[in-house]
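# Structural overview
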Amino acid sequence: MEYSYPFSIDWTTDEIVDVVEFFEAIEKAYEKGVNRQELMEKYRKFKKVVPSMAEEKTYFREFEEESGYVSFKVVKKMKEASGDELIRI
């Protein structure tokens with residue numbers, strides 16, 4: 001698929017990389033599944049860049065409009081799971 005990832009021009013290159021890697025993990029959860037621990041690490045990095053819930057919802061919505069992937073569902077499933085489960089939507 002061809003679409004862009006949401007980001008802010010105020011972020012550093014490393015912050016943009018962390019956000020893009022998180023959204024790539026969301027894609028992976030839909031396409032083939034992603035290890036919960038891997039997803040949690042990418043989500044932690046994402047939350048360092050986007051700490052507020054309001055901002056998170058905005059970026060999740062932008063990503064969903066571009067890709068069709070619902071980040072909230074993946075994060076919710078990650079939080080409900082335990083151990084090294086495979087997160088797949």
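What you see is a predicted model, and the numbers here were worked out from it, not measured in a lab. (Residues numbered from 1 in each chain as written. Predicted model: local features only at pLDDT ≥ 70, side-chain atom pairs only at ≥ 80, totals over all residues. Heavy atoms only, no water.)

## Quick word on the confidence of the model for the chain
Chain-level pLDDT for the chain is 95 on average; 99% of the residues reach the 70-or-more range. The secondary-structure element of the chain with the lowest mean pLDDT is strand β2 (residues 86-87), recorded at 95, while helix α2 (residues 36-49) shows the highest, at 98. (pLDDT = per-residue confidence, 0-100. Helix = DSSP H or I, 4+ residues; strand = E, 2+ residues; numbered from the N terminus.)

## Here we look at the packing of aromatic side chains
Taken as a whole and judged by the stated rule, the model has 13 aromatic pairs. Considering the side-chain rings of F23 and F46, the 5.7 Å spacing of their centres and the 75 degrees angle between planes classify their relative orientation as edge-to-face. Residue F23 is located in helix α1 (residues 13-31), and its partner F46 is located in helix α2; the two are separated by 23 residues in the primary sequence. Taken together, Y5, F22, F23, Y30, Y43, F46, F60, F63 and Y69 form an aromatic cluster joined through their ring pairs. (Phe/Tyr/Trp six-rings, centres within 6.5 Å; stacked < 30°, edge-to-face > 60°.)

## Re the nonpolar core
Among the nonpolar cores identified, the biggest contains 24 residues, and F22, F23, I26, L39, Y43, F46 and F60 are the most heavily contacted of them. Those elements that provide at least two residues to this core are α1, α2, α3 (53-67) and α4 (71-80). Among the elements that line this core, the one with the most residues is α1, at six residues. Setting aside anything within four residues of it in sequence, one finds Y43 in contact with F22, E56, F60, V75, M78 and K79. (Core = buried A, V, L, I, M, F, W, Y, C linked by side-chain atoms within 4.5 Å. Buried < 20%, exposed > 50% of the residue type's maximum accessible area, 1.4 Å probe, protein only. Contact = heavy atoms within 4.5 Å.)

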